[in-house]
Amino acid sequence: FVKDNIKHADWRHRDAALMSFGSILEGPDPAQLKPLVEQAMPMLIELMKDGSVVVKDTAAWTIGRVCELIPEAAINPATLQPLLEALVIGLASEPRVASNVCWAFTSLADAAYEQADCGDEEETPATYSLSAFFSPIVEKLLWTTDREDAGASNLRAAAYEALMEMVKNSPKDCYDTVQKTTVIILQRLQQVLQMESHIQSQSDRVQFNDLQSLLCATLQSVLRKVEPAHAPAISDTIMTALLQMFQSSTQTRSGGVQEDALMAVATLVEVLGDGFIKYMDAFKPYLLIGLKNTAEYQVCHAAVGLVGDICRAMGGRVAQWTDEVMEVLLSNLGDNSVHRTVKPQILSVFGDIALAVGPEFRKYLEHVLQTLMQASQAQVDRSDYDMLDYLNELREGCLEAYTGIIQGLKGDGTSPSPDLSIVQPHVSYIVQFITVVARDSEHSDASVAASAGLIGDLCAAFGRDIVQLLDVEPISDLLTAGRRSKTTKTKTLSTWATKEVRKLKNATSTAP
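Residues numbered from 1 in each chain as written. Predicted model: local features only at pLDDT ≥ 70, side-chain atom pairs only at ≥ 80, totals over all residues. Heavy atoms only, no water.

Student: Mind showing me how you'd approach the side chain of glutamine 212 here?
Tutor: Tracing the sequence through the fold places glutamine 212 in helix H11 (residues 202-225). Glutamine 212 gets classed as buried once you look at its relative accessible area, which sits at 1%. The residues contacting glutamine 212, other than those within four sequence positions of it, are Val192, Leu193, Met245, Ser248 and Val257. (Helix = DSSP H or I, 4+ residues; strand = E, 2+ residues; numbered from the N terminus. Buried < 20%, exposed > 50% of the residue type's maximum accessible area, 1.4 Å probe, protein only. Contact = heavy atoms within 4.5 Å.)

Student: Help me out: how do you make sense of the pattern of salt bridges in this one?
Tutor: Pairing between side chains of opposite charge can happen when the charged atoms of each approach one another. Evaluated as defined, the whole model comprises twelve salt bridges. In this structure, aspartate 236 and lysine 278 form a salt bridge, with 3.2 Å as the shortest nitrogen-oxygen distance. Residue aspartate 236 is located in helix H12 (residues 231-252), and its partner lysine 278 is located in the loop between helix H13 (255-272) and helix H14 (280-292); the two are separated by 42 residues in the primary sequence. Of the residues examined, aspartate 236 reaches a relative accessible area of 39% and is grouped as partly exposed. In this structure, the salt-bridge partner of aspartate 440 is arginine 382, at a minimum N-O distance of 2.6 Å. Here aspartate 440, found in the loop between helix H20 (427-439) and helix H21 (445-462), pairs with arginine 382, found in the loop between helix H18 (362-376) and helix H19 (385-410); they are 58 residues apart in sequence, far enough to count as distant. Take arginine 382: its relative accessible area is 40%, and that puts it in the partly exposed class. (Salt bridge = Lys/Arg side-chain N within 4 Å of Asp/Glu carboxyl O.)

Student: Would you mind showing me how to read the packing of H21 against helix H24 (residues 488-510) here?
Tutor: A packed helix pair is summarised by two numbers, namely the angle formed by the two axes and the spacing between the axes. Packing of H21 against H24 brings their axes to within 8 Å, and their N-to-C directions diverge by 30 degrees. Relative to H24, H21 is oriented roughly parallel. Judged by the twist between their axes, the crossing of H21 over H24 is left-handed. The segment H21 lies against H24, with Asp445, Val448, Ala449, Ala452, Gly453, Ile455, Gly456, Asp457, Cys459 and Ala460 engaging Thr490, Leu493, Ser494, Trp496, Ala497, Glu500, Val501 and Leu504. The residue makeup of the contact of H21 with H24, split by class, is eleven nonpolar, four polar and three charged. (Axes fitted to C-alpha atoms, helices over the stretch in contact; angles between N-to-C directions. Parallel < 35°, antiparallel > 145°, perpendicular 65-115°, else oblique. Left-handed = near helix turned anticlockwise from the far one by under 90°. Nonpolar A, V, L, I, M, F, W, Y, C, P; charged D, E, K, R; others polar.)

This is the structure we're talking about:
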């Protein structure tokens, strides 16, 4: 059917042939389809120049399917160059065609990166099959996002999406282009922010916000590729633009933009590490606004996550800001109107703060331990799976908080610091809570991992005073289950905790 109709004079036949070809790509074994698809590639490339928009659209869609489902056929050196040339030309076609072309580039970038020669998993490959074409493709995608008609067929978003994938999956020899793209995205962000004063209607406002969000997301993917040595050179410009976004989005109450800007700040923290400290004073008011924005809980959630990132990046240097942050976090926990997804994360961030500020955390301890006691006793309707998930998240949050507090107070010295004595009275409660988690048939893998980590930390912190508390059946069953987990983290933590308990048991049994 495909062979008979793909060159038919009537466009409807050509379109149907393409459609059916694109549809059969999913299902059969890719290895068997590969030779067929490789044979068909020149034809598909030819149809990208078809006189009918409908046929071009379907051809672009089919190529996108090939890139996604049988990528080896798409990056076959025999047809790679003509394919890329046809796609780049396709970006100038009607929006519906160009939008499909963007989607093809998204999958293609991913496939070429997967296939690149690379010494080890973590490292960026030196080069890949698209390297020679990388710069013109990125240039054309940037051009596409700026098309007059980019509002149609979701084209602008599709082009930014493809741009992000190209950058995310770029090898070392394309780094120059990545740097240039960063500068362009920043310039665009600044231009967009200047347009603010010209917004007249609600639809302008929506477009303006969408564009800000797209640019923020693109900025994140470029930033992740920037080498740490080069980050400080652009971080001032980025932070200035982001602060301006916070300012305008706070006035216009655009939660979506706030959330995206917070996530962009998180990426900046990731790249700069404790170099971010110079922005803290300017940024803190907006961080607090985000934390207090409980009505738009995604914003609050992003802000809470960012507090954790900042603590991890800056360690003890966050102590000067934690009072205000802790105040808002504690009041959010006590507030019933706060969306429930935020609460487990707040508990876990208590652990991050405790770990960062160490003994300074003493001033919050009574409050926090009280809160953790309440949270760890939460009961939910067990027939509701969503609520069971929530219960597990809440418990993971409590376990992570206890872990951070104990590690933070214990200090880095060889022998545990005397500050730990404040937690001592709570230890039996903490162990009882771990037992409750252990006995719960519905406990999550992550809560097993968090429990195991906490058990190991309790051993390291309180030594042999704690053995008889931990040497109970539910806890040893939990660790046994953890050692058999399919998740590496759970397995590693459970094995470590088991050794710690065993070490203490041996020490106690040989003690006089």
